[in-house]
Amino acid sequence: MTKAQARRLWLRAQRLDTATPFGEGPEATAAAVEHLGYVQIDTINVIERCHHHILWNRIPGYRRADLRQAQSVDKSVFEYWTHALSFIPTKDLRFFIPAMKRHRRDGHKWFASVSNADMRKVMTLIRKDGALTIRDIDDDVLVEKEHLWASRKPSKRALQLAFYTGALTISERNGMLKTYDLMERHFGWDRLPKPASAREISDYLLDRALRAQGIVSLDSICHLDAKSKAAVRQVILSRVRRRELVPVSLEGAGKLEHWARPEGAEISGEPASEQVHILSPFDPLIIQRKRLQLFFDYAHRFEAYVPKEKRVFGYFALPVLVGDRIVAAIDLKTDRSKQKLLMQKWTWIDKQPRRLLKGRIEEELHRFERFQLAE
């Protein structure tokens, strides 16, 4: 398979090759999360949070309230850890229950200092008074941070640990302020769903990647999850024997193995759709940097943590996709007080004539600005 064919297959799987792949409204948001498998959440707020940005790129009429509807009203999505904190379809929750049980049994390396007293305190408050945020707890004695991103409030650490164990879930999110509730009470369950088996989890990881990536490797299936690779490889080999998957020799990949479904590996010779997308650096198309470079010949740099004098693309550069090529990286910042989207830096990547692209990219920038400044 050529890189051009592989790009088209991946873009089709990501639903970035058509204008409204999921329709409109709250139902489209739930459908997008279900198809992608997860949508990453991130704390950086230079422009709109990445979970909203990722959904906006696939739902042109997306509103932030649509995600709130899915999480807090319809309860069709929930938050948990994939390779990062993410929105995940609620129907997939059973695949994460074994991890919750493991944290309940063994603890969590980030929250080893949480005391039984702090845990009892937050759980008693939630059982008695209902869902709460950390702002509802104001009697903590502050402690020293254990690492840069840790909280000084013992109750916050306890809430976070209870979240990872599955005792609590995030029932609502306002920016980065999370409301916690009992898992069973939020979903209206008498008990949690039956946990998935180890084999079911391996099948789930593979199926999720095939749906959202089209062509997969062990690295792309198990992104930042090396411990799952051996079991997933066995599932892949089993499906190859049953002819449910076919090995793919990908141009430029060397010895890195790839696979696709037989029907998915048949790519037409038609040129890619010329959709324009201003992508988040945390978009599923961008987040796996080695895969991105292999498929698109583009090495993205996330430079928010790079010293200013060493930056190439800028503090928070956004890759610009036109058709099946990444043609530019644009560093943007939203000034909400002045109601403007500020252009920090525009770096051209592709060799296509810029005069053919600039006007179309600027049209998408205007649309992006309207989304940024919308309530």
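Nothing here was measured: the structure is a model prediction, and the numbers come from that model. (Residues numbered from 1 in each chain as written. Predicted model: local features only at pLDDT ≥ 70, side-chain atom pairs only at ≥ 80, totals over all residues. Heavy atoms only, no water.)

Q: So what exactly am I meant to see when it comes to the overall build of the protein here?
A: Check the secondary structure of the protein and you find 13 helices and 12 strands. Rg of the C-alpha trace for the protein: 22 Å, near the compact-globule value of 21 Å for 375 residues, within the 12% margin. With respect to the three principal axes, the spread of C-alpha positions in the protein is 65 × 60 × 40 Å. Counting every position in the protein, which comprises 375 residues, the buried fraction comes to 53%. Contacts in the protein between residues at least 24 apart in sequence constitute 61% of all its contacts with a sequence separation of at least 6. By element, 50% of the accessible surface of the protein is carried by carbon and sulfur atoms, the whole surface being about 18,300 Å². Counting 65 positive and 48 negative side-chain charges, the protein places the averaged centre of each group 4 Å from the other. (Helix = DSSP H or I, 4+ residues; strand = E, 2+ residues; numbered from the N terminus. Rg over C-alpha atoms; globule rule 2.2 N^0.38 Å. Buried < 20%, exposed > 50% of the residue type's maximum accessible area, 1.4 Å probe, protein only. Contact = heavy atoms within 4.5 Å. Areas by Shrake-Rupley, 256 points an atom, 1.4 Å probe, with all protein chains shown as cover. Lys, Arg positive; Asp, Glu negative; His and termini not counted. Charge placed at Lys NZ, Arg CZ, Asp CG, Glu CD.)

Q: Looking at this structure, how should I read the pattern of salt bridges?
A: Pairs can form between side chains of opposite charge whenever their charged atoms are close. Within this structure, the stated rule accounts for 25 salt bridges. Notably, a salt bridge pairs R173 with E79, separated by 2.7 Å at the nearest N-O pair. Separated by 94 residues along the polypeptide, R173 in strand β4 (residues 168-174) and E79 in strand β2 (residues 77-81) bring together distant segments of the chain. Each member of the pair R173 and E79 is classed as buried. Notably, a salt bridge pairs D350 with R325, separated by 3.2 Å at the nearest N-O pair. Of this pair, D350 sits in the loop between β12 (340-348) and α13 (358-373) while R325 sits in strand β11 (residues 325-335), and the two are 25 residues apart along the sequence. For D350, a relative accessible area of 14% translates into the label buried. On the basis of relative accessibility, which here comes to 24%, the residue R325 falls in the partly exposed class. (Salt bridge = Lys/Arg side-chain N within 4 Å of Asp/Glu carboxyl O.)

Q: Sorry, what's going on with helix α12 (residues 289-296) here?
A: For an α-helix the count is 3.6 residues per turn, leaving residues at separations of three or four pointing the same way. Within the span of α12, buried status applies to R291, L292, L294, F295 and F296. All buried residues of α12 lie within an arc of 165° about the axis, which places them on one face of the element. Count one or two residues on from α12 and you reach D297, which has phi positive near 55°. (Arc of directions from axis to C-beta.)

Q: Please explain the nonpolar core as it appears in this structure.
A: If you look at soluble globular proteins, the nonpolar side chains tend to sit buried side by side. In this structure, Y80, L159, I221, I361 and F368 are the most contacted members of the largest nonpolar core, which totals 88 residues. The next biggest cluster of nonpolar side chains, apart from the first, holds 23 residues, and it includes L16, A260, Y298 and A329. (Core = buried A, V, L, I, M, F, W, Y, C linked by side-chain atoms within 4.5 Å.)

Q: When you look at the environment of K121 in this model, what are you seeing that I'm missing?
A: Mapped onto the secondary structure, K121 falls in helix α6 (residues 116-129). Exposure remark for K121: the relative accessible area of 24% places this residue in the partly exposed category. Spatially, the C-alpha atom of K121 lies 9.8 Å from that of L159, the residues being 38 residues apart in sequence. Once you skip the residues sitting within four places of it in the chain, K121 turns out to touch I137, D139, D140 and S155.

Q: When you look at the packing of helix α1 (residues 3-14) against α12 in this model, what are you seeing that I'm missing?
A: Packed helix pairs are specified by the crossing angle of their axes together with the interaxial distance, meaning the distance between the axes. Contact geometry of α1 with α12 gives a least axis separation of 8 Å together with a crossing angle of 130°. As summarised for this structure, α1 and α12 are arranged oblique, according to the angle between their axes. Where α1 approaches α12, its residues K3, A6, R7, W10 and L11 are matched on the opposing element by R291, L292, L294, F295 and F296. Looking at side-chain class alone, the contact of α1 with α12 contains seven nonpolar, no polar and three charged residues. (Axes fitted to C-alpha atoms, helices over the stretch in contact; angles between N-to-C directions. Parallel < 35°, antiparallel > 145°, perpendicular 65-115°, else oblique. Nonpolar A, V, L, I, M, F, W, Y, C, P; charged D, E, K, R; others polar.)

Q: Looking at this structure, how should I read the packing of aromatic side chains?
A: Any two aromatic rings considered together are summarised by their centre-to-centre distance and by the angle between their planes. Counting across every chain of the model gives 25 aromatic pairs. With centroids separated by 6.5 Å and ring planes inclined at 55°, the aromatic side chains of W81 and Y164 adopt a geometry described as tilted. Pair noted here: W81 is in strand β2 and Y164 is in helix α7 (residues 154-165), with a separation of 83 residues, a long-range link. For W81, a relative accessible area of 32% gives the class partly exposed. The buried category is assigned to Y164, whose relative accessible area is 8%. Here W346 and W348 contribute two aromatic rings whose centre-to-centre distance is 5.3 Å and whose plane-to-plane angle is 40°, an arrangement assigned as tilted. The ring centre of F296 lies 5.9 Å from the NZ or CZ of R7, which sits over that ring. If you follow R291 out to its NZ or CZ, it ends over the ring of W10, 4.1 Å from the centre. (Phe/Tyr/Trp six-rings, centres within 6.5 Å; stacked < 30°, edge-to-face > 60°. Lys NZ or Arg CZ within 6 Å of the ring centre and 35° of its normal.)

Q: Hey, could you run me through the sheet that holds strand β6 (residues 215-216) in this one?
A: Backbone hydrogen bonds are what pair the strands of a sheet, in a parallel or an antiparallel way. Sheet architecture is open: three strands sit in the order β6-β8-β7, paired in antiparallel fashion. In this open sheet, the two edge strands, each paired with only one partner strand, are β6 and β7 (246-248). With three bridges connecting them, β7 and strand β8 (residues 258-260) associate as antiparallel partners. Bridge pairing in β8 places V246 opposite A260. (Pairing = 2+ DSSP bridges.)

Q: Any chance you could explain the sheet that holds β2 here in plain terms?
A: In space, the three strands of this open sheet follow the order β1-β3-β2, with antiparallel pairing throughout. The open sheet is flanked by β1 (39-40) and β2, the only strands paired with a single partner. Bridging between β1 and strand β3 (residues 85-89) involves two bridges; their strand directions are antiparallel. Within β3, the residue paired with V39 across the bridge is F87. Set on the sheet, helix α4 (residues 64-73) makes contact with β2 and β3; between it and β2 the angle comes to about 85°.

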